[in-house]
Every structure is written in C-alpha cells, then in structure tokens.
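# Chain and residue survey
Given next are the chains, with one letter for each unit.
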Amino acid sequence: EGRVIDFRTDITGVTAADLEGPGVTTFAKVQKKVRKLVLKTYNKHRVPTVLVGHSLHHDLAALKLDYQPVIDTSFIFAFQGLPDCSPAL
C-alpha cells in the first residue's frame, strides 16, 4: 500500500527486515482481526467489549476503526490546570 520512509528504529526498534518474511501480515488483515475480535466478544456475551488504553483515539485512527465504548486513560488522568494536555505514560 505504501512505502516506509523512516522506521524511526532508534525509537520503535522496528527495522525493514522486521517487515519481511512469512510471518508478516497486511494492514487489511490486521484491521479485520481487530474488528472481528471486538465484535465477536460483543455478540457472544451480548455486552460490548470495552477497549481500555492510553490515547486509544490514535490507535483506532491508525486502524481506521470507529469503536465505542472506550476508556481512554489519557482523558481520565488530565494534568491539573492544563486542560488541553494529555499526560504521557
């Protein structure tokens, strides 16, 4: 789909070699697996799966998924006196 220009290996630890070989999957397959996992749990138990994490809106945007309910700790633990900031982990 696209070409990676900078892996930011010093930050991510990911190299070009990590994205080659038989164990690598496509974005579409990952997106489908995440959607299936969330919706399968919902259908089985008749209650929605609650996603919990830090700055989940970034992860969901990267996966091009729109999902609720979400508990996002970056919004729960705001800096006092700085309403527009979200704390890093």
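Scroll up for the structure.
Criteria and cut-off values
Residues numbered from 1 in each chain as written. Predicted model: local features only at pLDDT ≥ 70, side-chain atom pairs only at ≥ 80, totals over all residues. Heavy atoms only, no water. Helix = DSSP H or I, 4+ residues; strand = E, 2+ residues; numbered from the N terminus. Buried < 20%, exposed > 50% of the residue type's maximum accessible area, 1.4 Å probe, protein only. Contact = heavy atoms within 4.5 Å. Areas by Shrake-Rupley, 256 points an atom, 1.4 Å probe, with all protein chains shown as cover. Patch = residues over 30% accessible without salt bridge, like charges linked within 9 Å, V, L, I, M, F, W, Y side chains within 5 Å. Salt bridge = Lys/Arg side-chain N within 4 Å of Asp/Glu carboxyl O. Polar contact = N/O pair within 3.5 Å; in protein donor to acceptor, adjacent residues only side chain to side chain.

### Points about the overall build of the chain
Helix and strand content of the chain: four helices and two strands. Helices and strands appear in the chain in the N-to-C order α-α-β-α-β-α. When burial is assessed residue by residue, the chain has 15% of its 89 residues classed as buried. In the chain, the proportion of contacts linking residues at least 24 apart, taken out of those at least 6 apart, comes to 25%. In the form shown here, the chain has an accessible surface area of approximately 7,600 Å², with 60% of it arising from carbon and sulfur atoms.

### So, a nonpolar patch on the surface
Together, V50, V52, I71, I76 and F77 give the surface a local cluster of nonpolar side chains, amounting to about 470 Å² of exposed area. Checked against the element boundaries, V52 lands in strand β1 (residues 51–53).

### Things to note about the environment of A16
Mapped onto the fold, A16 is located in the loop between α1 (9–12) and α2 (27–45). For A16, a relative accessible area of 36% puts it in the partly exposed group.

### A few points about the side chain of T49
Tracing the backbone through its elements, the reader meets T49 in the loop between α2 and β1. Residue classification places T49 among the buried positions, given a relative accessible area of 17%. A polar contact is formed between the side chain of T49 and the backbone oxygen of V38, at a distance of 3.2 Å.

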